[in-house]
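Each chain, letter by letter, is given below.
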Amino acid sequence: ISFPKEKKRKKINKFVNILSQKRLKKLRKTSQEEAISGTDLSTRLRTQFEKLTGGARPEWASIRRGKKKRRPRHSSSSSSEEEEEDEFMQRTGDLLAPSSIKLPPSHVSVTRLRDLNRTEAVVQCVEFHPSASIVLTAGFHKTLDLIQVDGQANPKLHSLHIQGFPITCAHFTRDGREVVLAGRKRSFHVYDMVKGKVTRVYGIKGHDKCWFEGFKVSPDNSLIVFLGKDGYMPLVSNRTKQWIGDLKMNGTVKSIAFTPDSKHLLSSGSDGRVYVWDLSTRDCVHSFTDEGCLLGTSLAVAPNNKYVACGSDCGVVNVYDGQCLTSERPTPLKSIMNLTTSISCASFNPSSELLAFSSKLNKGALRLLHFPSLTVFSNWPQQNSPLGHVSSLDISPQGTYLSVGNDKGRALLYRLNHYCKGTSSA
């Protein structure tokens, strides 16, 4: 039986109006250009991607266009598997999925990798990108560095020097498109990673005489909350970078933390209390006394929203459950007293199984706390771990890496082996 041959379909090259969206306007080669073909659009987007990553297109992103070799019929299953593998390797994203096995409370396996960065100034900020394998570092040397994290070479992608602006705080926006930079100035800067443009925002309404050296970006990417003066916390729209309101607590605000759903904000400071704010109404809906605390210095809320960690100037970290949101004098689940100086940093890992906390006043003052056993790991860090005075820390979005910035200008990189299959500790 002979079947009629199928007619070859003509390739239709569609045209795209690049003036229809603002993000496509930068792809124009001339100001008169309005529409380009789909093939031309793909080429220009690829070129733009290579500019952002600071290098040529990687081999794994190159799709083989050659004709496929004919395979015998009995190898159809193996052929489909190979095609799936090729398609998988042409996608970007996290290849290491978080482990479904619970983190054991007795031992944590940690491997030191190649340092991310070395500078001449204290690393004031270190933070992982929310979706890409990139980390930022910044400090008093007035420079922002963007580094690709691969655990081996860790190549630097970009450096941004802002004259006369020592950086005390830097965070990615949650969509990963911008970096917000603050210092002991009455203004802050925004670096657009896509356009490669730096914008200076001059002051915040009603706070012209304040320095804005600390802030946090909300998980839903809508708000930037600054640590102001006299207990004020200016609220800035992340979209417009303009002031939209204030929160005001008693005493001086030292630390803030968002809940994972971005509906509430927690703040602490010089009066030893923790305030809970409803961001929809901008009202203080609850406050409680942090047991034994005279000056609150650090706050962290677990991603599963079950735990709140409160660090103080005496080196104690109190861990609370949901009871703290209803009781004025809640009893902590446990008071962690492994450090003796002021807690400067605290950060949960994505699975809420681990809390990293540190103090910059003592050398090697960093500890890892296990949840839900609330025990501090005794096997790491060791006495000879080259931590120095820890000035900043962060855990990657998949929980795979821990980065530590110190007073020697180094951004150290460690791998948490429990969340990496097929690795072993060194």
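Placed above this text is the structure.
Residues numbered from 1 in each chain as written. Predicted model: local features only at pLDDT ≥ 70, side-chain atom pairs only at ≥ 80, totals over all residues. Heavy atoms only, no water.

## Remarks on the overall build of the protein chain
Okay, step 1: On a plain count of helices and strands, the protein chain comes out with three helices and 31 strands.
Okay, step 2: In the protein chain, which comprises 426 residues, the proportion classed as buried is 46%.
Okay, step 3: Nonlocal contacts in the protein chain, meaning residues at least 24 apart in sequence, comprise 45% of its contacts between residues at least 6 apart.
Okay, step 4: Accessible surface computed for the protein chain: about 23800 Å², of which carbon and sulfur atoms make up 49%. (Helix = DSSP H or I, 4+ residues; strand = E, 2+ residues; numbered from the N terminus. Buried < 20%, exposed > 50% of the residue type's maximum accessible area, 1.4 Å probe, protein only. Contact = heavy atoms within 4.5 Å. Areas by Shrake-Rupley, 256 points an atom, 1.4 Å probe, with all protein chains shown as cover.)

## Topic: the pattern of salt bridges
Okay, step 1: Within the structure shown, the criterion is met by eight salt bridges.
Okay, step 2: The salt bridge involving Arg44 is made with Asp40; its shortest N-O contact spans 2.9 Å. With a gap of four residues between them, Arg44 and Asp40 both fall in helix H2 (residues 38–53), about one helical turn apart.
Okay, step 3: Here Arg410 and Asp115 are joined by a salt bridge, their closest N and O atoms 3.9 Å apart. Placement of the pair is Arg410 in strand E31 (residues 410–416) and Asp115 in the loop between strand E3 (110–112) and strand E4 (117–118), with a sequence separation of 295 residues.
Okay, step 4: Residue Asp115 is classed as buried on the basis of its relative accessible area, which comes to 12%.
Okay, step 5: Overlapping salt bridges, with partners in common, bring together Arg112, Asp115, Arg118 and Arg410 in one network. (Salt bridge = Lys/Arg side-chain N within 4 Å of Asp/Glu carboxyl O.)

## Some details on the side chain of Asn154
Okay, step 1: By the element assignment, Asn154 lies in the loop between strand E7 (143–148) and strand E8 (156–161).
Okay, step 2: Owing to a relative accessible area of 5%, Asn154 belongs among the buried residues under this scheme.
Okay, step 3: A polar contact is formed between the side chain of Asn154 and the backbone oxygen of Arg114, at a distance of 2.9 Å.
Okay, step 4: Here the side chain of Asn154 touches Gly151 through a polar contact of 2.9 Å, landing on its backbone nitrogen.
Okay, step 5: Ignoring any residue separated from it by four or fewer positions in sequence, one finds Asn154 in contact with Arg114, Asp115, Leu116, Ile147, Gln148, Val149 and Leu413. (Polar contact = N/O pair within 3.5 Å; in protein donor to acceptor, adjacent residues only side chain to side chain.)

## Description of a positive patch on the surface
Okay, step 1: Judged by side-chain charge, Lys26, Arg177, Lys195 and Lys197 come together as a positively charged surface patch.
Okay, step 2: Along the chain, Lys197 turns up in strand E12 (residues 197–202). (Patch = residues over 30% accessible without salt bridge, like charges linked within 9 Å, V, L, I, M, F, W, Y side chains within 5 Å. Lys, Arg positive; Asp, Glu negative; His and termini not counted. Charge placed at Lys NZ, Arg CZ, Asp CG, Glu CD.)

## Concerning the nonpolar core
Okay, step 1: Of all hydrophobic cores here, the largest spans 20 residues; its most connected members are Leu366, Leu368, Trp380, Leu387, Val404 and Tyr414.
Okay, step 2: Of all the secondary-structure elements, those providing two or more residues to this core are strand E26 (354–358), strand E27 (366–370), strand E29 (390–395), strand E30 (401–406) and E31.
Okay, step 3: Once residues lying within four places of it in the same chain are set aside, the contact partners of Leu368 are Val108, Leu354, Leu355, Ala356, Thr375, Val376, Phe377 and Trp380. (Core = buried A, V, L, I, M, F, W, Y, C linked by side-chain atoms within 4.5 Å.)

## So, the sheet that holds E8
Okay, step 1: Pairing is antiparallel across the open sheet formed by four strands, whose spatial order is E5-E6-E7-E8. Of all the strands in the sheet, the pair left with one neighbour each is strand E5 (123–128) and E8. The average undirected angle you get between the axes of adjacent strands in this sheet is 15 degrees.
Okay, step 2: Of the pairings in the sheet, the one linking strand E6 (residues 134–139) to E7 comprises five bridges and is antiparallel in character. (Pairing = 2+ DSSP bridges. Axes fitted to C-alpha atoms, helices over the stretch in contact; angles between N-to-C directions.)

## Description of the pairing of strand E14 (residues 223–226)
Okay, step 1: Residues of E14 alternate between two faces, with Leu223 and Val225 on one and Ile224 and Phe226 on the opposite face, all of them buried.
Okay, step 2: The antiparallel hairpin formed by strand E13 (residues 215–217) and E14 contains five residues in its connecting segment, where Asn221 sits at a positive phi of about 70 degrees.
Okay, step 3: Examined bridge by bridge, E14 and strand E15 (residues 232–237) share three bridges and lie antiparallel to one another. From the neighbouring strand, Leu223 faces E15, where its bridge partner is Ser237.
Okay, step 4: Between E14 and E15, which follow one another and run antiparallel, lie five residues, and Asp230 among them has a positive phi close to 60 degrees.

By themselves these figures say nothing about function.
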